[in-house]
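The residues making up each chain are set out below.
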Amino acid sequence: MALPLSTWPWENLGVFKYVLYGPLLAKVIYSREWEDVTRSSWCLHILIICALRGLVHQLWYSYSNMLFLTRDRLICRQGVGFKQIDREWDWDNFLILQAFIASMACYSFPSLANLPLWNSKGYIIALLLHIAVSEPLYYWIHKLLHSDYLFTHYHSLHHASEVPQSFTAGHATLLEHLILSVLIGIPIVGTSMLGFGSTILIYSYVLMFDFLRCLGHSNVEVIPNGIYEAFPLLRYLLYTPTYHSLHHKEMNTNFCLFMPLYDALGNTLNTKSWPLHKEKSSGKNGRIPEFVFLAHVVDMTAALHAPFVLRSFSSTAFRTRFFLIIMWPGSFLVMLVMWVLSKTFLISHYYLRDRLHQTWAVPRFGFQYFLPFATDGINKLIEEAILRADRIGVKVISLAALNKNEALNGGGTLFVKKHPNLKVRVCHGNTLTAAVILHELPHDVKEVFLTGATSKLGRAIALYLCQRKVRVLMLTLSKERFQSIQKEAPKECHSFLVQVTKYQAAQNCKTWIVGKWITHREQSWAPPGTHFHQFVVPSILPFRRDCTYGELAAMKLPDDVQGLGSCEYSMDRGVVHACHAGGVIHFLEGWTHHEVGAIDVDRIDLVWKAALKHGLRPV
């Protein structure tokens, strides 16, 4: 049984907990329609402050996870995993709690609901109360929370997060946030009771309180060491993210709220604080990745699935949601800016067996890859990314779907031929993609219908299957391209490759492998019970209710992956596209060849066995 004040009363309500803001909103609407608006202004102020406080936490999260800006100043480099994200899912419970407390305060002290807009003297009083009362009181209570009993039953929840984030600041028990509510309230209520309170003071104090809490938990050192060297006393008046990270790491030092002065007075100041701050603020803490997956943006809405936008969204598989429509105009503006100014940038990372794997993104959206005038620019961006990876010491760089388009750069061949002395291995990963698709097929399959049959993947799938005596109906209008593939097969297997030119030819075949987007009309030729395997981007729409649809080729990363906290587009947690996984295998196996151009059919089984050997699993 949970101890008193260790859990939240509304923790089982899920998203319905936000209904608890309803009475405040109802009061605002009712007063605007039937009463004097000023009578409910305090309700409106509480709702606005709660929204702004949530925005402060979100903006700090977004900034600290823009790795292309912060990677060299990260304090803990591990990355935020799914377990921590789920644990902190309801980080904003304290906003509901403090909205209730603020409402009770306004009812109990009517003067709080009728404060002037501005009173400059109030800032001095509030600052004095914060320094003289809130800071030492927090320091003493915080030390007490680290005693065995209270830490085990209350404060350990906050410290369970391995990588501090702005949302970690709000992740604590009900008891701790009741204490923080008192600490925030002392300067506000005290100043108001003395007659110097103001509306702007409440806004600025509460938001600054949250700002500094998020600063300490941001996991990015943002305060230059030069400031503290120029003004040594300042280091006792304002803590840094590095300073607070030591508390999360070692826990028996650095207990202060925002002012290390009280740790100095209480003899709990960690002696590593200043040297470590100097090191982390230097901007020279980056680690060289050993594997890079070079991705691209799919479309306007998928861009909002980036890890630094909304953590609750990016940590689940991408699905079209209503709120994306509201955010679409912003995404469109970002697309225009990226088109003009941006270069390839770091978007996420994770660790596999203590090896750093990163995902870089080419700042181009899917539709741009099909604009004839944009191809040279895209190839230039990909080439620059490969050369940068080569320069810094990356072992393998794997190209995502459109970055290895055959018409764009020959599946990466263009770059390898242009730069024959590359140390980094360029990999399209399609060998594993083919292996995943082929191992999804029923073992007793005798006939398949293949669209996109003369593409790189289609060719490899057809050649692999015909050698195993599976009849392949290859949909293509080009007799020349069909015959070219047929000639690659052993003579005794030629009869298993059959050219067809219409979808009607597959009306009795229940195994379709789709490498080209097909419409509802084209799908209608499949017999009931057909399963659509696919390697087409974007995925085909599931029009047929009497058929089943496979997902894009993918594999689940090994269980020992660390710091992975975002989903790769529409993939589930821990699952990556097969071309990504193919690059990982290329790196783990230490293969020294480039995997570009046509797929080597003879290596399909070899790559599949290597994937299973290293702990990757089919989905």
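This structure is a prediction, so every number in the text was calculated from the model and none was measured.

What counts and what doesn't
Residues numbered from 1 in each chain as written. Predicted model: local features only at pLDDT ≥ 70, side-chain atom pairs only at ≥ 80, totals over all residues. Heavy atoms only, no water. 1 Å grid on protein atoms, 1.4 Å probe; cavity = no way out; pocket = protein on both sides within 12 Å on 5 of 7 lines; lining within 4 Å. Points joined across faces, edges and corners; volume = space filled by probe spheres on them. Helix = DSSP H or I, 4+ residues; strand = E, 2+ residues; numbered from the N terminus. Nonpolar A, V, L, I, M, F, W, Y, C, P; charged D, E, K, R; others polar. Domains from an automatic or database assignment. Pairing = 2+ DSSP bridges. Contact = heavy atoms within 4.5 Å. Axes fitted to C-alpha atoms, helices over the stretch in contact; angles between N-to-C directions. Buried < 20%, exposed > 50% of the residue type's maximum accessible area, 1.4 Å probe, protein only. Polar contact = N/O pair within 3.5 Å; in protein donor to acceptor, adjacent residues only side chain to side chain. Salt bridge = Lys/Arg side-chain N within 4 Å of Asp/Glu carboxyl O. Phe/Tyr/Trp six-rings, centres within 6.5 Å; stacked < 30°, edge-to-face > 60°. UniProt positions renumbered as here; feature names shortened; annotations may be inferred. Buried area = accessible area lost by both parts, 1.4 Å probe.

Caption draft 1: A look at empty space enclosed by the protein. The full count for this structure, using the stated rule, is four cavities of 30 Å³ or more. Within this model, the largest cavity holds a volume of roughly 280 Å³. Asn65, Leu67, Gly79, Val80 and His349 are, among the 25 residues lining the largest cavity, the residues nearest its centre. Within the residue set of the lining of the largest cavity, elements represented by two or more residues are α2 (41-64), α15 (311-314) and β2 (345-352). Top contributing element to the lining of the largest cavity by residue count: β2, with three residues. Among the residues forming the lining of the largest cavity, the class breakdown is eleven nonpolar, twelve polar and two charged. When residues of the lining of the largest cavity are assigned to domains, at least three fall in each of domain 1 (11-215) and domain 2 (291-427 + 557-618). When its volume is computed, the second largest cavity comes out at roughly 160 Å³. Where the lining of the second largest cavity is concerned, the elements lending two or more residues are α6 (120-145), α7 (148-159), α9 (174-193) and α12 (241-250). The element that contributes the greatest number of residues to the lining of the second largest cavity is α9, accounting for five residues. The residue inventory of the lining of the second largest cavity, partitioned by class, reads eight nonpolar, seven polar and two charged.

Caption draft 2: Structural view of the sheet that holds β2. Strands sit in the order β5-β4-β1-β3-β2-β13 across an open sheet of six strands; the sheet is mixed. A single partner strand is all that each edge strand has here, and the edge strands are β5 (425-427) and β13 (561-562). Both β2 and β13 contribute to a ladder of two bridges, which runs antiparallel. Opposite Leu352, over in β13, you have Val561 as the bridge partner. Its contacts with the sheet place helix α17 (residues 375-392) against β1 (291-297), β3 (355-365), β4 (396-399) and β5, and it is angled at close to 160 degrees to β3.

Caption draft 3: Fine view of unusual backbone geometry. The phi angle at Arg353 is positive, at roughly 55 degrees, despite the residue not being glycine. Secondary-structure assignment places Arg353 in the loop between β2 and β3. Owing to a relative accessible area of 37%, Arg353 belongs among the partly exposed residues under this scheme. Residues other than glycine seldom take positive phi values, yet Asp354 does so here, at roughly 65 degrees. Tracing the sequence through the fold places Asp354 in the loop between β2 and β3.

Caption draft 4: Local environment of the side chain of Lys404. Looking at where Lys404 falls in the secondary structure, it is placed in the loop between β4 and α18 (406-409). One polar contact links the side chain of Lys404 to the main-chain carbonyl oxygen of Leu399, over a distance of 3.4 Å. Lys404 has contacts with Leu399, Asn409, Gly411, His428, Asn430, Lys456 and Cys579, leaving out every residue within four places of it along the chain.

Caption draft 5: Region of the structure containing the pattern of salt bridges. Enumeration over the complete set of coordinates arrives at 19 salt bridges. Note that Glu229 is salt-bridged to Lys278, the shortest N-O span being 4.0 Å. Here Lys278 lies in helix α14 (residues 273-280) and Glu229 lies in helix α11 (residues 225-230), a separation of 49 residues in the sequence. As a salt-bridge pair, Lys395 and Glu290 come within 3.8 Å of each other at their nearest N and O atoms.

Caption draft 6: Spatial organisation of the side chain of Asn409. Take Asn409: it is sitting in helix α18. The class for Asn409 is buried, based on a relative accessible area of 4%. Only 2.9 Å separates the side chain of Asn409 from the backbone oxygen of Asn403, close enough to count as a polar contact. At 2.9 Å, the side chain of Asn409 and the backbone nitrogen of Gly412 are in polar contact. If we skip the residues at most four places from it in the chain, Asn409 touches Asn379, Ile382, Asn403, Lys404, Leu414 and Phe415.

Caption draft 7: Here's a closer look at the packing of aromatic side chains. Taken as a whole and assessed by the stated rule, the structure comprises 28 aromatic pairs. Their ring planes at 75 degrees and their centres at 5.3 Å tell us that Trp512 and Phe532 sit as a pair that is edge-to-face. Residue Trp512 is found in strand β9 (residues 511-514), and its partner Phe532 is found in strand β10 (residues 531-534); the two are separated by 20 residues along the sequence. For Trp512, a relative accessible area of 0% corresponds to the buried category.

Caption draft 8: Inspection of the pairing of β2 at higher detail. Most of β2 is tucked away, with eight of its eight residues classed as buried. Pairing of β2 with β3, which is carried by seven bridges, proceeds in the antiparallel orientation. Counterpart to Leu352 in the pairing with β3 is Arg355. Taken together, β2 and the strand that follows it, β3, pair antiparallel across an intervening segment of two residues, in which Arg353 is found at a positive phi of about 55 degrees.

Caption draft 9: Just the UniProt feature "domain: Fatty acid hydroxylase" (unreviewed entry) in the protein, in detail. Under the UniProt annotation, "domain: Fatty acid hydroxylase" (unreviewed entry) lies at residues 128-268. Between the end C-alpha atoms of residues 128-268 there is a gap of 23 Å, over a span that is 67% helix and 0% strand.

Caption draft 10: Seen up close, the domain arrangement of the protein. By domain assignment, the protein separates into domain 1 (11-215), domain 2 (291-427 + 557-618) and domain 3 (432-552). Contacts between the two partners involve 20 residues from domain 2, matched on the other side by 17 residues from domain 3. A combined buried area of about 1600 Å² lies between domain 2 and domain 3, and 71% of that area is made up of carbon and sulfur atoms. Contact with domain 3 buries area across many residues of domain 2, yet Ile599, Val601 and Trp608 alone supply 35% of it, more than any other trio. Linking domain 2 with domain 3 are two salt bridges. For the salt bridge of Glu406 with Lys456, the shortest nitrogen-to-oxygen distance reads 3.3 Å. For the interface between domain 2 and domain 3, the tally reads five residue pairs in polar contact (both at pLDDT 80 or more). At the level of secondary structure, the elements contributing two or more residues to the side of domain 2 that touches domain 3 comprise α24 (578-589) and α25 (604-613). Looking at the side of domain 2 that touches domain 3 residue by residue, the classes come out as 13 nonpolar, four polar and three charged.

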